[in-house]
Every structure is written in structure tokens, then in C-alpha cells.
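Coordinates in review
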Amino acid sequence: MTSATSKPAILWFEDLGIGDIATVGGKNASLGELSSRLGKAGVRVPGGFATSADAFRDFVTANAIEPVIRNLIARNHSRKMTLQETGRAIRELMLASTLPAHLADEIRAGYRELGKRTGVADPSVAVRSSATAEDLPDASFAGQHETYLNIRGEKALLDACLRCFASLFTDRAISYRETKGFDHFSVALSVGVQQMVRADIAGSGVMFTIDTESGFPGVATISATWGLGETVVQGAVNPDRYIVFKPLLERPGACPIIEKSLGEKAIRMIYAEEGSSQTRVIASTSAERRAFVLSDDEILELGRWAVAVEEHYGRPMDLEWAKDGSNGLLYLVQARPETIHAGAGQASFRRYLFRTDAAPLMTGVAIGSAVASGKVCLIHSPSDMAAFPDGAILVTGNTDPDWVPIMKRAAGIITDRGGSTSHAAIVSRELGVPAVVGTGIATSTLRDGQEITLSCAGGEVGSVYPGLLDYAVEDVDLSSIPETRTEVMLNIAEPAASFQWWRLPAKGVGLARMEFIISNLIKVHPMALLNPDRVSAADNRLIRDLVRGHASPADYFVDTLARGIARLAAPFFPHPAIVRLSDFKTNEYAHLIGGDAFEPREENPMLGFRGASRYYDERYRDGFALECRALRKVRDELGFANVIVMVPFCRTPAEADRVLAAMAENGLRRGENGLQVYMMCEIPSNVLLAEKFAARFDGFSIGSNDLTQLLLGVDRDSEILAKMFDERDEAVQVAIAEAIAKAHAAKIKIGICGQAPSNYPDFAEFLVGEGIDSISLNPDSFVKTCSVIASAEAAAAASPHASAVNASSSRAPSPA
């Protein structure tokens, strides 16, 4: 640590830029960059200054402590001292030292100037550590050094600066530098002194400019809690979570918030009014727990800032924000590079496939996309790290930076509390250790030594299963996927898993199943939300809990369904996303909360009151109106004009007219604002009268499962007749070929969204030979079937029939 020159010991943020990392560390250089470069984009940053790295070196030299520190580090390397003993000895040495007089004088002068700028004598400030090897593109150093909030007065400020200097040698910082290959003595520490935002009387949180688990670049993800944001970073709260779809932020009138999840937010950190501590934690009120921290306008403002910051830096970013309760304004208080996905290649990804089914013991927020199995090691304090065996599954309440040495040795991590932006989440991603955080019950449910499997392979929801489950690992090489004339799309049902497929070169979503969103996210029968007087007291209690944070039960249904659809439509935007209206059978509807009161008992629900017949019937008309409201919201308010509506199980042209009329009554008129309406071609009448249906719809999507069972008279759920159920049967293929020919003759698009192309390569070849426009596949068969389709197209191109096929398919208009 070389002695410094006579340069100024403090520098104001507005005079700094990202090129000053060597001078003021990554965190402070980034604050300077935000202050000086992004104000024109509307980004607000609290004012402040930073001490220089040279000032830290002066401190070390003036107190003659470098030789002692080197000796202590050497004793640790020779195992004469533990990491904990070494870190404690160095910190005690530094805290017993004194700041050089010129440095203390400049800090005092800077603090007084900050008071003049803010108009407040002795302003409250945040004092943050910023190391010269911190917030780099390949090393975040998240939480390795200390931050002190609500510091007021010159004496308290100088003390906080000294403690920040000492935090360069926290146990976790020593361990992290050695893991990352940084020389301890080539790293210096700058202290940032920043005007404190009154988030204690408002809220704060963390924002990433990408999806943190899949790396999907089209969204900004925001965590929010009441009070100071340290509780989010520490994982002490389960925060609100918002996701903004960035490409639609500048579309006039659009509000592309595609997720709003209400967090528990059980506690909040506020300023301490007395005592030695500057902050304290109190319980949130019941009203605060039930309310979202941010309004839609505030969420969108942060989303625009995410875009501006990301574009300026040219890479994904990890940001901290705060809302000032005294003036109602938002501020960015930190910006650092996102270190996990930014450098990852997009040419391949890894999939985990379970060979057995199991019910999860618990779920939480998935961190990463991997699977881990092993024995539980339940630990409540990092002081017990000696008891942790390598390769175990760490189970604890929540983690802070002191847990890093244990986390590095864990096969997986499970916590009670925390969200996707907590310390446990950030460090787990960087270490490549899968984690399920915020389960709420892990420490009270799992036993020490219990064998479990945790999975983060299903999207943003992580699951913990009993036992050591058998699974396979598959590496998908995206560069090997051939281009095809036939549009290859995806069938996606689960919004939480939709982002993980964004790298696949799909031409949109060929089937988005609305009923999966209703059953898995909404969970309530729509008519029960509208008619609580017909629902049991027990079910009404469940409904009240679910609809918290929404203006009404109907708004809960509409908002949740609209945002779920938007998540399905986002990964492949602006390609089309074909959303099928609800197609529950009555027995399936009855299983929803409150559903028993509204569903008839049918002998054969497969052929009963399902699909189109429900939408204009008085028994479900009001429920269908909610579906239409959700679709209007996702298209007109959220901005996803790529959503196409599809009508299932439409038996007759007259029924089609009634459904289209019901849709128009609810604001979904075919042709208005570019709205296209498709029909599932899955009943023999759809094929026989295809010309009449084609006059009413913009496209067909063949449902091979229902079409096969109705043509062959085989119950698709019958184990006895299972061998007879085959989409490749001659009768089925004749019907499909006829449907394709009639659709092309009517100049409308036709695709298929059934299971058959995924299951049978020869069936995919048949479809290509008939000139089908699109084939929608399950994600797990996408790569394999694309190769089959490309080969079939090559074979068709070489045959005399090829020109006729190509000519017929080219007449179909594009859906987008």
C-alpha cells in the first residue's frame, strides 16, 4: 500500500465517473457516473462525496500498520490463526488507529458543504464502503464491506469512516478476495458519504435490469419493502416483487407491469431516535403488510431508469433505490454491474429433467436454475460453521455476508426469509449454488440429516422434495437448431417458468393455456369472486386472503390473469402469443375455491359444458366477462398487441357467432385494434364445416388430442383403450390434411398445438408434407423436433409435390 500524494482526499460525486474506480472504488465511481451523466434521463441520485483510495493508503502508512497486517495474513495462510481470529485482529488494529489530520479535516469540510447544499445543519448521511476491486463486471463483492445509515454529526461521521476502513478486512471480504484471486494489499477502500434519503418513512429496495434467474433481458425486476432497504438485502423480509417489460415502456398509454406480487413485509427498518444504534427494526402494521410499497407510476419510473442506466453502461445492472417520504421522490443510491448473466453465452443452456414425480414439501423463490440433493444441515448462526459438512444442504432463517464461507461449501441453500434480491440470492448466484429462499417454513419443517432434493429448474418457483430424486442433466446447444420454413412455436402454460425458454428461437407462443393461470395463480372460481353470498364461510376467508392488495375480488381475477398472460407473451415478443380462452371441464372448475356452488355434476364432462358453450351461457357469462376484461387489459393497458385470442371446443358456426358476439359485448371485437381471433380445430364438425368457420375466424389451431378421441370414439383418459388412441391413425391424418387444405383455400393461417408433433417425429413429417403453417411444441421437445421438421422440409423440397405445398402455404397471412 504505497503512500499517497498531496491530491485532494475527498471528491464530489458530480466530479467522478466510471473511469475513477481506481480512485474511489466501484460503488462510488458508479454513483459519480449516475450523478454526472444520467440526470438528463431523469435519474435522481442523492448528493455526496467520496474519500480517495490514496487517503486510505495514507491512513495505513500514517499508522504503520501494513507490516502487522501482512504478518497476520501470513499466519492465517500457515494455519497458525483461523480466518475469524485473523479478521478480528486486523479490524481491532485498524479501529485503534486514527485518521490523518488532513483527511479528517477534509471530511469535516465536505460534510459542512453537504449541509449547505441540502439546507440542513448536520444532515443525516449514509456512509458506504467502496473498494477498488468492488462492483466489477466479474466480481460484485456484494455485502463484503460495511454500510452505516443515518449517521449525523462530524464525530459520528469520522467514526463511521474509520469503521468502513476496517471493514476492508471483514472475514467474508478476506475470504472473498482470496476466492477471486485478489491481492489484499492491492485493494484500497474509499468511503462514500451520501445524503440520506428518508426511506425510513417510505420504502426502498433493489432493482435488476434483467431477470436474475433466467437472464432474460427484456424485463426489469424490482423488490420493495417499507423502510430502509437493508432488510431486503439482508433477506430479513419477503418483499413486494414487480416485473416491468422494458420494450413496451415507451409505447404511448402502455403500463407494462407484468407482475405485481404482494410480499409479507413483516418488519421495517427505521431511524433510531435514541441510543448508540443509528437504526432499529420494528414490526410493520397490518395495513402496510396488505399494501404495495410502490404505485404503478413509480414502478414505471424505476423501469425507465433501469433502461437508461443499462443503455448507458452497455450491460445489465444491479441497482438500489429509495423513496424519500418527505418529498415523495425516488432516488438511485447504488449501481453496480450484474455479474452472473452479463458474461454468460447465449449459445447454450442446461436443463434438468426429473425421472420421477413427487409432491414438494415447500416452495420458495428459485435462485439459479439447477438441482441439488443431499442431507440437511440446519444452522442458525455462522458461528456454528465448523459443524457444516461439505456438500450438505444449508438450511437457515436467512443469511448475511458472514455466511459466505459456509455457502461456498454447500450443495444447495434453503432459507425461511428473503427474496430474489437478498444477500442469500445474490451470493448463491455468484457461487453457482442453487437456492430456494423465502420458504417461510424451512427451519421448522426440515430435520437435520434429512435427505432432500431442491429444484430451481422450474422457473422462478423453487421446490424442495423429500428424498434423493433421480434426474438427468441435458445441455442444449442452440447453435445446432436449424432454421425452418414452418414456424416453430412453443406451448407454455406456467407463467413462472416462461422466461427460462427465451433463448429458444421460437416464433412465438402457439398455445398459452388460460386455465393453468386460473388454477395455479388465481385459484378461485370467477363466479365465486362475483357471488360471495353463494360461497361457504371457509372459502370466503380463503378468498379474502388471496385478494389482498386489490381493489375488488373481480380486479384480483383480472389483474392476476392479465399479468400471467403477459408473462407468457413477453419472452418472444413481438411474435404472436395465442391465448386459449378457459377450457376447464365442469369437474375441474368445481375443484377451484368456491367452484362447487357453480358447476353441474356431469356424467361425461369431456363432452359436456366446456369451452365455447360456457361463454354465452347465463351460468358463466359474468365469469367470461372477467376473462375478456383481462384480455383487454393485457392488450390495451399492458401493451401486448401480439396476443391472439383462441376459442376452444366450438361446436357449430352458430355457436361461433354467439361467442364472437359475447366477446364484442365485452370490448373484444375481432378486427378492432388489430385483434385476431383463432379457433381450436378439434371437433369433427370443425373440419367438415371448415369453410364456414374460416369465414368467422382469422386462423385455426389443430388440437390433435380432442380431434383424435372424437374421430375414433376413444376416451383419451381410458387406460383400457390407450393403445387405440393414436394421432397417426389414418382417419385423423385425413381429417387434418382436409383442415389444412380448407384453411389455405380460405387464406387463413393454420397450425397445430397438440402433443403429437412432440411425441412422434413421423407425425411432424406428415404435417410438413401437408404444408402446415406452424407447429407448436412443448419446450422439452423443441430442439429435437426442429431437426425433424428441417429434414422433412428438405425432403419435401426435393419431391414433385413440394411446389404445390409451398404455394398453398404461402397464401396464408402472417398473424402478427
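These numbers were taken from a predicted model, which means no experiment stands behind them. For every chain, the first residue of the written sequence is number 1, and numbering continues from 1 onward in sequence order. In view of the model being predicted, local features appear only for residues whose pLDDT reaches at least 70, and side-chain atom pairs are presented and counted only at 80 or more, with totals across whole chains, interfaces and linings using the full set of residues. Side-chain figures throughout are based on the complete set of non-hydrogen atoms in the structure, without hydrogens or water.

**Regarding the environment of aspartate 726**
- Working definition: helices are DSSP H or I runs of at least four residues, strands are E runs of at least two. Numbering for both runs from the N terminus. Topologically, aspartate 726 is positioned in the loop between helix H24 (704–712) and helix H25 (730–745).
- Buried, partly exposed and exposed residues are distinguished by accessible area as a fraction of the type maximum, computed with a 1.4 Å probe on protein chains only: under 20%, between the cut-offs, and over 50%, respectively. For aspartate 726, a relative accessible area of 22% gives the class partly exposed.
- A C-alpha to C-alpha distance of 42 Å links aspartate 726 and threonine 212, two positions 514 residues apart in sequence.
- Non-local contacts of aspartate 726, meaning those with residues more than four positions away in its chain, are made with Thr708, Leu712, Val732 and Tyr760.
- Contacts described as polar in this section are N or O atom pairs within 3.5 Å, which, within protein, must combine one atom able to donate a hydrogen with one able to accept it, while residues neighboring in sequence count only if both atoms come from side chains. Side-chain polar atoms of aspartate 726 contact the backbone nitrogen of arginine 728, separated by 2.9 Å. Only heavy atoms enter the contact rule, under which two residues are in contact if any of them lie within 4.5 Å.

**Section: the sheet that holds strand S21 (residues 461–466)**
- Pairing between strands is defined by DSSP: at least two bridges between them are needed. Here we have 7 strands rolled up into a closed barrel, ordered S15-S19-S18-S17-S16-S20-S21, and mixed in their pairing. Sheet twist, expressed as the mean angle between neighbouring strand axes with direction ignored, is 35°.
- The pairing of strand S15 (residues 362–367) with strand S19 (residues 435–437) spans 3 bridges and is antiparallel. In the strand pairing of S19, isoleucine 367 is matched with alanine 435.
- Angles here are taken between N-to-C directions and fall from 0 to 180 degrees, while the axes themselves are lines fitted to C-alpha atoms, restricted in helices to the stretch in contact. The sheet strands contacting helix H12 (residues 423–431) are S15, strand S18 (412–415) and S19, and the helix crosses S15 at an angle near 60°.

**Things to note about the packing of aromatic side chains**
- Between the rings of Phe, Tyr and Trp (Trp by its six-membered ring), a pair exists once the centres lie within 6.5 Å; its type follows the angle of the planes, with under 30 degrees stacked, over 60 edge-to-face, and the other angles tilted. For the structure shown, the criterion picks out 17 aromatic pairs.
- Relative to phenylalanine 624, the ring of tyrosine 615 lies with its centre 4.5 Å away and its plane at 15°, an arrangement referred to as stacked.
- Accessibility expressed as a relative area gives 0% for tyrosine 615, which makes it buried.
- Members of the aromatic cluster, connected to one another through ring pairs, are Tyr352, Phe354, Tyr465 and Tyr471.
- Any Lys NZ or Arg CZ found within 6 Å of a ring centre and within 35 degrees of that ring's normal is scored as a charge over the ring. One cation-aromatic arrangement involves arginine 429 over phenylalanine 208; the distance from NZ or CZ to the ring centre is 5.8 Å.

**Structural notes on the nonpolar core**
- The biggest cluster of nonpolar side chains holds 107 residues, and the ones touching the most others in it are Leu631, Phe640, Val647 and Phe700.
- In terms of residues, this core owes the most to one element, helix H17 (residues 553–569), which gives 10 residues.
- Put simply, a nonpolar core is a bunch of buried Ala, Val, Leu, Ile, Met, Phe, Trp, Tyr and Cys residues held in one set by side-chain atoms that sit within 4.5 Å of each other. Core analysis: the second largest hydrophobic core is formed by 45 residues, Ile65, Ile73, Leu83 and Val191 among them.

**Notes on helix H4 (residues 83–95)**
- One fewer than the residue count of a helix, multiplied by 1.5 Å, yields its expected span. Taking 1.5 Å of rise per residue, the 13 residues of H4 would be expected to cover 18 Å, and the 18 Å separating its terminal C-alpha atoms lies within 8% of that figure.
- Of all the residues in H4, the buried ones are Leu83, Thr86, Gly87, Ile90 and Met94. Here the buried residues of H4 occupy an arc of 95° about the axis, which is enough to place them on one side.
- On its buried face, H4 is in contact with helix H2 (53–62), helix H3 (66–77), helix H6 (154–166), helix H7 (171–180) and helix H11 (404–407). Throughout, the arc means the angular range of directions from the helix axis out to the C-beta atoms.

**Some details on the pattern of salt bridges**
- The salt bridge criterion pairs a side-chain nitrogen of Lys or Arg with a carboxyl oxygen of Asp or Glu, the two atoms within 4 Å. The final tally for this structure, using the stated rule, is 48 salt bridges.
- The shortest N-O distance in the salt bridge between aspartate 657 and arginine 696 comes to 2.8 Å. Of the two residues, aspartate 657 sits in helix H21 (residues 653–665) while arginine 696 sits in the loop between helix H23 (690–694) and strand S28 (699–702), which places them 39 residues apart along the sequence.
- We classify aspartate 657 as partly exposed; its relative accessible area is 37%.
- By sharing partners, the salt bridges in this structure join Arg241, Glu259, Glu460 and Arg567 into a single network.

**A closer look at the environment of glutamate 460**
- For glutamate 460, the location among the structural elements is in the loop between strand S20 (451–455) and S21.
- Expressed as a C-alpha distance, the spacing of glutamate 460 and glutamate 33, which sit 427 residues apart in the sequence, is 32 Å.
- Apart from the residues lying within four places of it in its own chain, the contact partners of glutamate 460 are Arg241, Ile243, Glu259, Gly364, Val365, Ala366, Ala496 and Arg567.
- Polar side-chain contacts of glutamate 460 include one of 2.7 Å to the side chain of arginine 567.

**What to know about the packing of helix H5 (residues 101–118) against H6**
- Their axes nearest at 10 Å, the elements H5 and H6 cross at an angle of 125°. By the criterion of interaxial angle, the relationship of H5 to H6 is oblique. Seen along the crossing, H5 lies across H6 with a hand that is right-handed. Every residue of H6 that contacts H5 at Leu103, Ala104, Ile107, Arg108, Tyr111 and Arg112 is listed here: Glu154, Leu157, Leu158, Cys161 and Phe165. Roughly parallel means an angle under 35 degrees; roughly antiparallel, over 145; roughly perpendicular, 65 to 115; everything else is oblique. Crossing handedness follows the turn of the near helix against the far one: under a right angle anticlockwise gives a left-handed crossing, and clockwise gives a right-handed one.

**Structural notes on the confidence of the model for the chain**
- The predictor reports its confidence for every residue as pLDDT, a score running from 0 up to 100. Here the chain averages 90 in pLDDT, and 95% of its residues register 70 or above.
- The model gives residues 135–141 a pLDDT under 50, and that stretch makes 31 contacts with residues more than four places away or in other chains.

**Observations regarding unusual backbone geometry**
- For the bond from phenylalanine 573 to proline 574, the omega torsion is 10°, close enough to zero to count as cis.
- One can find proline 574 in the loop between H17 and strand S25 (577–580).
- Notably, phenylalanine 649 is not glycine yet its phi reads approximately 45°, a positive angle.
- Position of phenylalanine 649 relative to the elements: it lies in the loop between strand S26 (643–647) and H21.
- Here the phi dihedral of lysine 747 falls at roughly 60°; this positive angle occurs in a residue that is not glycine.

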